[in-house]
Amino acid sequence: MKKIIILLIANFLILFPEYFNFIVIGDSRPPIGDSSFKNFDFEISRMNEYAPDFIINLGDLIFGYGELNPEKYWNIYLSAVSNIKVKYYQVPGNHDLFSKRGENIYLNEFKKLYYSYNYKNSHFIILNSSENGIWGKIGKAQFEWFSNDIAQANKENIFIFVHFPLWNKKYSRTKKTYNDFWMKEIHPLLVKYEVKAVFGAHMHSYGPTEKIDGISYFITGEGGAELIKWYKDHGGTHHFMYIT
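Residues numbered from 1 in each chain as written. Predicted model: local features only at pLDDT ≥ 70, side-chain atom pairs only at ≥ 80, totals over all residues. Heavy atoms only, no water.

K.L.:
Sorry, what's going on with the side chain of Ser216 here?
P.N.:
Counting through the fold element by element, Ser216 comes out in strand S9 (residues 215-219). Ignoring anything within four residues of it in the chain, the contact list for Ser216 reads Lys196, Ala197, Val198, Glu210 and Lys211. (Helix = DSSP H or I, 4+ residues; strand = E, 2+ residues; numbered from the N terminus. Contact = heavy atoms within 4.5 Å.)

As structure tokens, this is what we get:
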């Protein structure tokens, strides 16, 4: 039976060479007061079972705030993600860039705060919405880079990944200035270049999912952190998204 399944998958990939799948997870840091990554470790084992082409983490990778020795927690985090069996990408969150020192540690270890890459017929853009430790800020230099990058993508599908869901002020919990910047400056570019979907986290929940001018906006922010009460009371749990 296993051989038949493998043959079916192989034939499918021959017929549809651009087919692929990936996983998106967010807020995988430990809960408040917990230094272990046991929740994220469990999600890693589950994600490995799905064998995606790659995984993207939407940020808040460590707790960050108030930690006297953040390098220690980055080492624990790196040990956890070393168990991921596929290509792994990450978005910086506010807990990761909690101070100038935090940002320097992040840059020293991971080199980039925003970037993009191609995979098959798709283009993936990773944004940093915590510039200078400010919730929701995407500065001028990054916006100029983004504007040029998306204009040159030239791929059938474009996907955007950001920590703060800046299209929704209630769930991003950021200043109106940054929500307005997203909707007035960034969102029109997403419409112009027919972006397939945008993924954000920060809110420890799944959803709400929104469709704005044809753009699908997702929130998936519970990969390990403490569950918020209303989400938990309605049956919410730690999770990730599997996209085909």
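K.L.:
Can you walk me through the sheet that holds strand S8 (residues 210-212) in this structure?
P.N.:
Each strand in a sheet pairs with another by means of backbone hydrogen bonds, the pair being arranged parallel or else antiparallel. With respect to topology, six strands assemble into an open sheet ordered S4-S5-S6-S7-S9-S8, the strand pairing being mixed. The open sheet terminates on both sides in strands that have one partner only, identified here as strand S4 (115-119) and S8. Adjacent strand axes in the sheet meet at a mean angle of 20° when their direction is disregarded. As judged from the four bridges shared by strand S7 (residues 197-200) and S9, these two strands associate in the parallel manner. Paired with Val198 across the two strands is Tyr217, which belongs to S9. Seen against the sheet, helix H5 (residues 140-151) touches S4, strand S5 (122-126) and strand S6 (157-161) and runs at an angle of roughly 175° to S5. The sheet strands contacting helix H7 (residues 176-192) are S6, S7, S8 and S9, and the helix crosses S9 at an angle near 120°. (Pairing = 2+ DSSP bridges. Axes fitted to C-alpha atoms, helices over the stretch in contact; angles between N-to-C directions.)

K.L.:
Quick question: what am I supposed to make of the sheet that holds strand S10 (residues 241-243) here?
P.N.:
Pairing in this open sheet of four strands is mixed, and the strands run S3-S2-S1-S10 from one edge to the other. Strands with a single pairing partner mark the edges of an open sheet, and in this sheet they are strand S3 (87-90) and S10. Between one strand and the next, the sheet's axes are offset by a mean angle of 20°, whatever the strand orientation. The pairing of strand S1 (residues 22-25) with S10 spans three bridges and is classified as antiparallel. By the bridge assignment, Val24 is partnered in S10 with Met241.

K.L.:
When you look at H7 in this model, what are you seeing that I'm missing?
P.N.:
Since one α-helical turn is 3.6 residues long, residues separated by three or four positions face the same way. With 17 residues, H7 ought to run about 24 Å at 1.5 Å a step, and its terminal C-alpha atoms sit 23 Å apart, in line with that. Along its length, H7 shows its largest kink, about 40°, at Ile186, and proline Pro188 lies within four residues downstream of that point. Taken together, the buried positions of H7 are Tyr178, Asn179, Trp182, Ile186, His187, Leu189 and Leu190. The inward-facing, buried residues of H7 abut H5, S6, helix H6 (169-172), S7, S8 and S9. Once H7 finishes, Glu194 follows within two positions and takes phi at roughly 55°, a positive value. (Expected span 1.5 Å × (residues − 1). Bend = angle between axes of the 7 residues up to and from the residue. Buried < 20%, exposed > 50% of the residue type's maximum accessible area, 1.4 Å probe, protein only.)

K.L.:
It is not clear to me how the nonpolar core should be interpreted in this structure. Could you clarify?
P.N.:
Looking at soluble globular proteins, one finds that nonpolar side chains tend to be buried together. Formed by 26 residues in total, the largest nonpolar core has its most connected members in Phe146, Ile160, Trp182, Leu190 and Val198. Those elements that provide at least two residues to this core are H5, S6, H7 and S9. Take this core: its biggest share by element is five residues, from H7. When near neighbours in sequence (up to four residues on either side) are disregarded, Phe146 contacts Ile125, Leu127, Ile160, Ile186, Leu189 and Leu190. Grouped together as the second largest cluster of nonpolar side chains are 21 residues, Ile25, Phe40, Val81 and Ile105 included. (Core = buried A, V, L, I, M, F, W, Y, C linked by side-chain atoms within 4.5 Å.)

K.L.:
Please explain the pairing of S5 as it appears in this structure.
P.N.:
Burial within S5 is extensive, with five of its five residues counted as buried. Neither face of S5 is left uncovered, since the one carrying Ser122, Phe124 and Ile126 and the one carrying His123 and Ile125 both have all their residues buried. Bridge count for S4 against S5 is five bridges, and the pairing is antiparallel. Across the sheet, residue Tyr115 finds its bridge partner in S5, namely Ile126. Counted along the chain from S4 to the antiparallel partner S5, the turn is two residues long, and its residue Lys120 has a positive phi close to 50°. For the handedness criterion, the β-α-β arrangement of S5, H5 and S6 is classed as right-handed. (Right-handed = clockwise from strand over helix to strand, strands pointing away.)

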